[in-house]
Amino acid sequence: MADTKLKIQKTSRFAYWMLNVLAVLLAVGLVELVVTSLLYGDAYSRNQVEAMEALGPVLERMVSAVPAEKKLQPVLFLCLGLGAVRQVLLVLAVAQLAKVFRSVSRSGTPFALSHVRPLWRVFYLALALFLVDIVKNGFEGPMAAGVAGYRLQISLGWVAALALVECSLSIFRYGCQLQQESDETL
């Protein structure tokens, strides 16, 4: 039993440090996204305008009422902003998960009720990430085609993963309650 507890502590400590490294890398990615969007956002918008003009005179007449740059630029900045929000959510989720592993490494047992609330926070951050991805992907698809618009895209992988995590967290919470009852009866 003591050997298993020591193994859990070591593994949790390793996971804690790896998740911290991942959080730092995601934060660097966030800074890169912000800097890139500030430096190259206008150039990307101009490239989209040139792509639209290259599609031919019929398309030009369709979009001539409003310049393409005016249509795409707000969508571009919305997508860049949503990308930044996505990165922030990822950093927060990874940091919260690292906090759970640090707590497990200190306590020596994964089945403690104190671990349930941070795990639920990770779930809610993942849910928010899913919603941000729906909005971001919905605008990016039409923008890649050179038009301003929205197309709803829902990834079934995300839905399945969120359902699986929610179910696992409910089972984990029940396991924690059983562990607490077992500890109290001894």
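Note that residues are indexed from 1 along each chain, following the sequence as it is written. This being a predicted model, a pLDDT of at least 70 is required before a residue's local features are given, and a value of 80 or more before pairs of side-chain atoms are given or counted; all residues contribute to the totals for chains, interfaces and linings. Excluded from the side-chain calculation are hydrogens and water; included are all heavy atoms of the structure.

Turning to its location among the elements, Phe172 is positioned in helix H5 (residues 156–185). Burial classes follow relative accessibility: with a 1.4 Å probe on protein chains only, a residue under 20% of its type's maximum area counts as buried, one over 50% as exposed, and anything between as partly exposed. Taking the relative accessible area as the measure of exposure, Phe172 reaches 17% and is therefore buried. For the pair Phe172 and Val116, spaced 56 residues apart in sequence, the C-alpha to C-alpha distance is 7.6 Å. Every residue pair with non-hydrogen atoms within 4.5 Å of one another is taken to be in contact. In contact with Phe172, other than residues within four places in its own chain, are Pro110, Phe111, His115, Val116 and Leu119. Numbering of helices and strands runs from the N terminus; a helix is a DSSP stretch of H or I covering at least four residues, while a strand is a stretch of E covering at least two.

Turning to the nonpolar core, a few remarks are in order. As used here, the term nonpolar core means buried Ala, Val, Leu, Ile, Met, Phe, Trp, Tyr and Cys residues forming a set that is joined through side-chain atoms within 4.5 Å. Core analysis: the largest hydrophobic core is formed by 12 residues, namely Val100, Val104, Val116, Leu119, Trp120, Phe123, Phe130, Ile134, Leu162, Leu169, Phe172 and Cys176. Those elements that place two or more of their residues in this core are helix H3 (68–107), helix H4 (116–144) and H5. Here this core takes 6 residues from H4, the largest share from any one element. Sequence-distant contacts of Phe130, that is, excluding residues within four places in its chain, are made with Ile154, Ser155, Trp158, Val159 and Leu162.

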